[in-house]
Amino acid sequence: MQQPVNASAVPADLVELGRITAAYGVKGWVKVQPHSAQAEVLRSVKQWWLVRPVPQAARGAVAPEPVSYTVVQARAQGATVVAMLQGLVDRDQAEALRGCAVLASRSVFPQPEEDEYYWVDLIGCALYSTADGPAQLLGRVEEVMDNGAHAILRVARQVEAEGAEPQPVLDAKGRPIELLVPFVQAHIHGVDLTARRIDSDWPVEY
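Here the structure is a predicted model, which is why all the values come from computation and not from measurement. (Residues numbered from 1 in each chain as written. Predicted model: local features only at pLDDT ≥ 70, side-chain atom pairs only at ≥ 80, totals over all residues. Heavy atoms only, no water.)

Tallying secondary structure elements over the protein gives three helices and 13 strands in all. In terms of its C-alpha atoms, the protein occupies a principal-axis envelope of roughly 60 × 40 × 30 Å. When burial is assessed residue by residue, the protein has 36% of its 206 residues classed as buried. Long-range pairs, those at least 24 residues apart, make up 56% of the contacts in the protein between residues at least 6 apart in sequence. Treating the 18 positive side-chain charges of the protein as one cloud and the 25 negative ones as another, the clouds have centres 11 Å apart. (Helix = DSSP H or I, 4+ residues; strand = E, 2+ residues; numbered from the N terminus. Buried < 20%, exposed > 50% of the residue type's maximum accessible area, 1.4 Å probe, protein only. Contact = heavy atoms within 4.5 Å. Lys, Arg positive; Asp, Glu negative; His and termini not counted. Charge placed at Lys NZ, Arg CZ, Asp CG, Glu CD.)

Written out as structure tokens, the structure reads:
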């Protein structure tokens, strides 16, 4: 079995891609449920970092350090990914990893095609609207979801404040207002990851 590595060797840009749900077969393979439709990252990267979940009763405890595994083989299996990890030789070893989060360094993700984006890169971007003229801030992308047909941005509404950080927009009960914006060409007109900005024609008061 793999051993924990020195904390200084753990990449600072790890992204959680899925979780191990079960052993697969009897030769040490594991089955992973990806977090998004972009499971090709799980299949293409050659190094996974596994982290065991913190038990519910131990919330507040120090999270365990990630453990590095070399991916020998990985392939799609329906909606999941199955993989052979170096050092795992039987079902018991694979089953012992059930529940572990699977992470990979963002720096080793394959280069996306033109006009394609990794969901993790969209999170945190500011979404602007030009539906009513000059660009207005709609809010910040908090999550990217899949409805089966296309991606959807979950956006926390914000307004620009002079000389200060954007402020959240709240409803009458003081709860943050959110928008669900389809991430499709019909509404998304530009993505600038360097500037952390997405331009759209989504109505401000939708």
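To continue, consider the pattern of salt bridges. Throughout the structure, instances matching the rule amount to eight salt bridges. Residues R140 and E142 are paired through a salt bridge, measuring 3.0 Å at the closest nitrogen-oxygen approach. Judged by relative accessible area, which is 33%, R140 ranks as partly exposed. Across the pair R154 and E143 runs a salt bridge whose closest N-O atoms are separated by 2.8 Å. A residue pair is termed long-range when its members are at least 10 positions apart, and R154 in strand β9 (residues 151–161) and E143 in strand β8 (residues 136–146) qualify at 11 residues. In the salt-bridge network here, residues are joined through shared partners; they are E143, R154 and E178. (Salt bridge = Lys/Arg side-chain N within 4 Å of Asp/Glu carboxyl O.)

Note on backbone geometry: most residues besides glycine have negative phi, and most peptide bonds are trans. The residue D115 is not glycine, and still its phi comes out positive at about 65 degrees. Summarising the element assignment, D115 is placed in the loop between β6 (101–105) and α3 (119–122). Notably, R196 is not glycine yet its phi reads approximately 55 degrees, a positive angle.

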